[in-house]
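# Reading the structure
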Amino acid sequence: KELFKDYFPIGAAITPQHADPNTVHGKALLEHFSSVTAENVMKPDQLQRNKGTFTWDNADKIVQFAKEHNIKVRGHCLTWHSQTSDWMFYDEDGALLSKEIALDQLKEHINTVVSRYKGDVYAWDVVNEALYDWDPDGLIFYREDSPWYQMIGESYIDSAFVYAHRADPDAKLFYNDYNSIFGWKRDKIFELVKRLKENDIPIDGIGMQGHWFVGTSEEDIRTTLDLYRQLGVEIQITELDVSVYLSGDETGSESYTEAFSIRQKQAYRMIFQVLLDYSDIISGVTFWGIGDDGTWLDKPGRKAFPFLLDENLQPKPAYFEVQDLV
Ligand code: XIL
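Calculation criteria
Residues numbered from 1 in each chain as written. Predicted model: local features only at pLDDT ≥ 70, side-chain atom pairs only at ≥ 80, totals over all residues. Helix = DSSP H or I, 4+ residues; strand = E, 2+ residues; numbered from the N terminus. Rg over C-alpha atoms; globule rule 2.2 N^0.38 Å. Contact = placed C-beta atoms within 7 Å. pLDDT = per-residue confidence, 0-100. Near = placed C-beta within 6 Å. Nonpolar A, V, L, I, M, F, W, Y, C, P; charged D, E, K, R; others polar. Core = buried A, V, L, I, M, F, W, Y, C linked by C-beta atoms within 7 Å. Buried ≥ 20, exposed ≤ 12 C-beta atoms within 10 Å, placed from the backbone. Axes fitted to C-alpha atoms, helices over the stretch in contact; angles between N-to-C directions. Left-handed = near helix turned anticlockwise from the far one by under 90°. Pairing = 2+ DSSP bridges. Right-handed = clockwise from strand over helix to strand, strands pointing away.

## Notes on the overall build of the protein
On a plain count of helices and strands, the protein comes out with 10 helices and nine strands. Since a compact globule built from 326 residues should have a radius of gyration of about 20 Å, the 19 Å found for the protein is in line with a globular shape. Dimensions of the protein, computed from C-alpha atoms along their principal axes, come out at roughly 55 × 50 × 40 Å. Restricting to contacts in the protein with at least 6 residues of sequence separation, those with at least 24 account for 76%.

See the structure below:
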C-alpha cells in the first residue's frame, strides 16, 4: 500500500473475522492494504435475507474497522442474480414477480444499504455480472437466466445506478464483471457502459474482476484497457487472484512448487506493470482475499495459491517482484 499510494489503493476482500487488529489477518491488512471489500457480507442475501429485515452486524464490523484504521471500503454488491434471497425474485407460488414489485424492492434495498454507508463506502459495485458469458459468436447480450433481466428487462441496470446515485451522490458507481479481457465479453461490457453513458445514467467506472491465471495474456489486458479508456470511465481491478494453474489445466497440487513460484512471479510482474502503465485510469486494485490460506478458488487436492502473501501471510517471491516495479 505504501509503494502504490501515488497510483491506486491496494485492497483485499475480507470476512468480518479479519476486521480485528489483534488477529494475524488484521495485522496483515493494516500492513499491506489501504482498502477492504466484504467478500460476502454485503451481498443482498446477507443484508436482507428476509424482506424488510436488514442485518447489519457483519458489514458494520468491517466498516467500523476500516474507519478506525483509515482504510477505504469498496462495497460489493447491490444487484446480482446470485447470493440474493428468493423473495426478491419469486412470490409464494414460485412465480416470477412483476416488474413493478421487483423494481420497488430493488429500490428499497439499494436505498437502505447505500444510505446506511453513505460517506463510509466510497465505491459500490452497483450491478454485478449482468452479461452473458461464453459467447464467441456474440449472439446473446444479457444474461437471460438472471431473474432481474427476466422480471424487468435491461432497464434494471439503469434503475439500479439511479437508485444508488440518489442515495449517495458522492459514491463512485461501478459495473462489475468477470472474463472482461476476452473479446466476446469485453465488447459487451463496452457496449453496455456506452449505452448507460449515452442515457446519462450515473456510472463512474468498470470493475474488472481479475480472476486470472498465470498464463493470462498481457495483450488481452492492454487491449481491454485501451478500449475502456475510450469511454472516459475509471477502471478498478476488483477481485484479483492469479491462480498458479494455466487456464484449462486440470492437475492439482497441495504444495507450492518452484514451477508455480516462477510462473507466478512473471504473471504478477506483467500484471502490475500493465496496471502502472494505465494508472491514469485505474483507481483501485483489490485482491479477492488476503493470503493463500483463504481463497474461494481452492478445491480439495488443488490449492490455487493466488495471492502475493502465502498461507502464513508472509510475502512470496511474487510480492518482491511487484515491489521492484515502483
Ligand atoms: C465468491 C466468494 O469469494 C465466495 O466465498 C462465495 O461462496 C461465492 O462468491 N464474482 C464475484 C464475487 O463477484 O462475489 C464472488 O465471490 C466471486 C466471483
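## Quick look at the confidence of the model for the protein
On average, residues of the protein carry a pLDDT of 97, and 100% of them reach 70 or more. Scored as a complex, the prediction yields pTM 0.98 and ipTM 0.99.

## What about the environment of Met 208?
Within the secondary structure, Met 208 sits in strand β6 (residues 205-208). Spatially, the C-alpha atom of Met 208 lies 7.5 Å from that of Glu 239, the residues being 31 residues apart in sequence. Once residues within four sequence positions are removed from consideration, Met 208 is found in contact with Ser 180, Ile 235, Ile 237 and Thr 238.

## Here's the deal with the site of the ligand
Close to the ligand lie Glu 39, Asn 40, Asn 128, Tyr 178, Gln 209, Glu 239 and Trp 296. Residue composition of the shell around the ligand, by class: two nonpolar, three polar and two charged.

## Some details on the nonpolar core
Ranked by size, the top nonpolar core spans 88 residues in total, and within it Ile 62, Trp 124, Val 126, Ala 160 and Ala 164 carry the most contacts. Ranked by the residues each element gives to this core, the list is headed by helix α6 (residues 155-167), at seven residues. Ignoring sequence-local partners within four residues, the contact set of Val 126 consists of Leu 78, Thr 79, Ala 160, Phe 161, Ala 164, Leu 173, Phe 174 and Tyr 175.

## Focus on the packing of helix α4 (residues 99-116) against α6
Helices that pack against each other are described as a pair by the angle of their axes relative to one another and the distance between those axes. α6 packs onto α4 with a crossing angle of 35 degrees between their chain directions and a minimal axis gap of 8 Å. α6 is crossed by α4, and the crossing has right-handed handedness. Counted together, Leu 103, Leu 106, Lys 107, Ile 110, Asn 111, Val 114 and Ser 115 of α4 and Tyr 156, Ser 159, Ala 160, Tyr 163, Ala 164 and Ala 167 of α6 form the full contact between these two elements. Each residue belonging to the contact of α4 with α6 can be placed in one class, and the counts come to nine nonpolar, three polar and one charged.

## Concerning the pairing of β6
Covered by surrounding structure in β6 are Gly 205 and Gly 207 together with Ile 206 and Met 208, the residues of both alternating faces. Two elements, strand β5 (residues 172-177) and β6, share four bridges in a ladder whose sense is parallel. Bridge pairing links Asn 176 to Gly 207 in β6. Chirality of the crossover, the property in question, places the unit of β5, helix α7 (residues 183-198) and β6 among those that are right-handed. Examined bridge by bridge, β6 and strand β8 (residues 234-243) share four bridges and lie parallel to one another.

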